[in-house]
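Reading the structure
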Amino acid sequence: MTETATGTASGVYLIRGAAILGGDAEDLLIRDGVIAERGTGLSAEGATVIEAAGLVALPGMVDIHTHLREPGREDAETVETGTRAAALGGYTAVHAMANSNPVADTAGVVEQVHSLGRASGWVDVRPVGAVTVGLAGEQLAELGAMADSRAQVRVFSDDGICVHDPVLMRRALEYVKAFDGVVAQHAQEPRLTAGAQMNEGAVSAVLGLAGWPAVAEESIIARDVLLAQHVGSRLHVCHVSTAGSVEIVRWAKERGINVTAEVTPHHLLLTDELVRSYDPVYKVNPPLRTDADVQALRAGLADGTIDVVGTDHAPHPSEHKECEWAQAAMGMTGLETALSVVQETMIETGLMTWADFARVTSTVPAAIGRVADQGRPLDAGEPANVILVDPAARWTVDPHKMATMGRNSPFAGKELPGAVVATFFKGHPTVLDGKLNTPYRYAADPAGAGSN
């Protein structure tokens, strides 16, 4: 991409010759935060012209599952560093999970996260509220207060911990119906995974590590889709990782149950064979599974059984990962590599097109999170949340060159395809030529009221 300044007008950008959703080459004129025109041969006096021949234009990506760690765990990540990573990865909105310290289980905490996101200005930060107080699984959190807060929370999750009590899960599903919310479940039966270190199977048997059976995930999903059917509420299943889970979600959808599901990039590519190295960078929850599971997840994403890709971006301080396997924290970074991994596993394999990519990384995640101005078509009059991708690029992952504070990328040293060249957030270029530009600056909120 080459950028040519043709004038001094502020906030006017002409993207020339980009393949819209991987299709025909067209121009996009961005003005005042929206797509003013779409067509061929466009011009605009004073616009900054971005020559985009060979690039793919997509709606800004929306991550339904991100750990930004702040407040309280700033040694691992902050809203500022995490959203910088998100912008570089092609995201214009992220949902920040609740397992901070203090836990995001009150209106006050989710409003703090919301305010930190607006102050940073790199992407739209949507806080996820905890389902239970302190993630303890004993008492429902202030779901209604969080929904009514300035953060307007619509996604609730105890992610990292399963809401294993069926009565409590039912109550949560009933409660969120009042404001069109969704409960995002971390499906893990705790009694079946006590002490578990990796996927239960042939590799765990050889390595002598306590196994994490697929049924621990599948049994919770089966229970919860039935609860969602009974209550008539929305259920979202976090980081599906087994072939059996895909089949249960498919069964539920065939019966009209209102369930959505996500898969992470790492579960689309990596298998439990990597654990033979005992490198804790491969320790994650849910664990890396078998190649048969990976193929089932890809097929499920391709046919729509799995609705979205969620990164489960989980940065950790180096001392929590660079230690012996049993003591290492679970989790992997993902915001800056997600697009490339999905391109390799789904687009370059012929399972999906770039239009499909936009559906699973932008349109549907925005719909699940009820984020009205994200995941929109790249048409005139729509919000200008747009990314430009070079599908022919190749790059080698170096965690030390990433914007995230986390160095725990399982793709370190791996060559990946595709690169984000530009990210426009609300019509402002947060990323240009593959590098951070400047953040979007919100207008002052009248009387302290936060708009979204």
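On a predicted model such as this, the values are computed, not experimentally measured, just so you know. (Residues numbered from 1 in each chain as written. Predicted model: local features only at pLDDT ≥ 70, side-chain atom pairs only at ≥ 80, totals over all residues. Heavy atoms only, no water.)

Tracing the backbone shows Val249 in helix H7 (residues 243–254). What makes Val249 buried here is its relative accessible area of 1%. Between the alpha carbons of Val249 and Ala25 there is a distance of 37 Å; along the sequence they are 224 residues apart. Discounting chain neighbours no more than four positions away, the residues touching Val249 are Ile221, Ala261 and Thr305. (Helix = DSSP H or I, 4+ residues; strand = E, 2+ residues; numbered from the N terminus. Buried < 20%, exposed > 50% of the residue type's maximum accessible area, 1.4 Å probe, protein only. Contact = heavy atoms within 4.5 Å.)

Here the focus is the packing of aromatic side chains. For the structure shown, the criterion picks out six aromatic pairs. A ring pair is formed by Tyr13 and Phe424, whose centres lie 5.4 Å apart and whose planes are at 65°; its orientation type is edge-to-face. Of this pair, Tyr13 sits in strand S2 (residues 12–20) while Phe424 sits in strand S18 (residues 415–425); the two residues are 411 residues apart in sequence, bridging distant segments of the chain. In terms of burial, Tyr13 and Phe424 fall into one category: buried. Through pairs of rings, three or more aromatic residues link up here, namely Phe156, Tyr175 and Phe179. (Phe/Tyr/Trp six-rings, centres within 6.5 Å; stacked < 30°, edge-to-face > 60°.)

This next bit is on the side chain of Thr92. Inspection of the secondary structure assignment puts Thr92 in strand S8 (residues 91–96). Overall, the relative accessible area of 0% leaves Thr92 in the buried class. For Thr92, the side chain forms a polar contact with the side chain of Gln374, separated by 2.7 Å. With residues near it in sequence (within four places) discarded, Thr92 still touches Gly60, Met61, Val123, Asp124, Gln374, Asn385, Thr423, Phe424 and Phe425. (Polar contact = N/O pair within 3.5 Å; in protein donor to acceptor, adjacent residues only side chain to side chain.)

Read across the sheet, three strands follow the order S7-S8-S9 without closing on themselves; strand pairing throughout is parallel. In this open sheet, the two strands that pair with only one neighbour each are strand S7 (61–66) and strand S9 (124–127). Each neighbouring strand pair of the sheet contributes to a mean axis angle of 20°, computed without reference to strand direction. With four bridges connecting them, S8 and S9 associate as parallel partners. Counted as the bridge partner of His95 is Arg126 from S9. Here helix H2 (residues 107–120) sits on the sheet in contact with S8 and S9, set at roughly 175° to S9. In this fold helix H11 (residues 354–368) packs onto S7 and S8, with an angle of close to 65° to the strand it touches most, S7. (Pairing = 2+ DSSP bridges. Axes fitted to C-alpha atoms, helices over the stretch in contact; angles between N-to-C directions.)

To continue, consider the pairing of strand S6 (residues 56–59). Looking along a regular strand, one sees the side chains alternate between the two faces of the sheet. Here S6 shows two buried faces, one formed by Val56 and Leu58 and the other by Ala57 and Pro59. With two bridges connecting them, S2 and S6 associate as parallel partners. The partner of Ile20 across the bridge, within S6, is Ala57.

Within the open sheet, the five strands sit side by side as S10-S11-S14-S15-S16. Their pairing is parallel. At either end of the open sheet lies a strand with only one pairing partner, and these are strand S10 (155–156) and strand S16 (308–309). Pairing between S10 and strand S11 (residues 182–185): two bridges, direction parallel. Of the residues in S11, the one forming a bridge with Val155 is Val182.

As enumerated under the stated definition, the model contains 22 salt bridges in all. Among the ionic pairs, Arg191 bridges to Glu189, the shortest N-O distance being 2.9 Å. In this structure, the salt-bridge partner of Arg289 is Glu217, at a minimum N-O distance of 3.8 Å. Taken together, the residues span a long stretch of sequence, with Arg289 in the loop between helix H8 (265–269) and helix H9 (291–302) and Glu217 in helix H6 (residues 214–231) at a distance of 72 residues. (Salt bridge = Lys/Arg side-chain N within 4 Å of Asp/Glu carboxyl O.)

Quick look at the nonpolar core now. Counting 78 residues, the largest nonpolar core has Phe156 and Leu301 as its most contacted members. When residues of this core are assigned to their parent elements, the largest contribution, six residues, is made by H6. If near-sequence neighbours (up to four positions away) are discounted, Leu301 is found in contact with Val263, Leu268, Ile306, Val308, Val309, Met346, Met352 and Val360. With 19 residues, the next largest nonpolar core counts Tyr13, Ile15, Ile30 and Val421 among its residues. (Core = buried A, V, L, I, M, F, W, Y, C linked by side-chain atoms within 4.5 Å.)

Let us now look at the packing of helix H4 (residues 166–176) against H6. Interhelical geometry of H4 versus H6 gives an angle of 45° and a closest axis separation of 10 Å. Between H4 and H6, the interaxial angle falls into the category oblique. The crossing of H4 and H6 is right-handed. Side by side, H4 and H6 meet where Pro166, Met169, Arg170, Leu173 and Glu174 of the first sit next to Arg223, Asp224, Leu227, Ala228, His230 and Val231 of the second. Taken together, the residues of the contact of H4 with H6 sort by class into six nonpolar, one polar and four charged. (Parallel < 35°, antiparallel > 145°, perpendicular 65-115°, else oblique. Left-handed = near helix turned anticlockwise from the far one by under 90°. Nonpolar A, V, L, I, M, F, W, Y, C, P; charged D, E, K, R; others polar.)

This part covers unusual backbone geometry. Glu70 connects to Pro71 through a cis peptide bond whose omega is 10°. The residue Pro71 is located in the loop between S7 and helix H1 (79–88) in this model. Following Asn101, the chain continues to Pro102 via a peptide bond in cis, the omega torsion being 10°. With respect to the helices, strands and loops of the structure, Pro102 is situated in the loop between S8 and H2. A positive phi angle is found at Arg69, which is not glycine, with a value near 70°. Among the structural elements, Arg69 can be located in the loop between S7 and H1. Notably, Asp312 is not glycine yet its phi reads approximately 50°, a positive angle. Within the secondary structure, Asp312 is located in the loop between S16 and helix H10 (338–347). Relative accessible area serves as the criterion here: at 7%, Asp312 is assigned to the buried category.

Viewed as axis vectors pointing N to C, H1 and H2 meet at an angle of 60°, and their least axial separation amounts to 9 Å. Regarding the angle of H1 to H2, the classification is oblique. In this structure, H1 crosses over H2, and the sense of that crossing is right-handed. Contact residues: H1 offers Val79, Glu80 and Thr83, while H2 offers Leu116, Gly117 and Ser120. Split by residue class, the contact of H1 with H2 holds two nonpolar, three polar and one charged.

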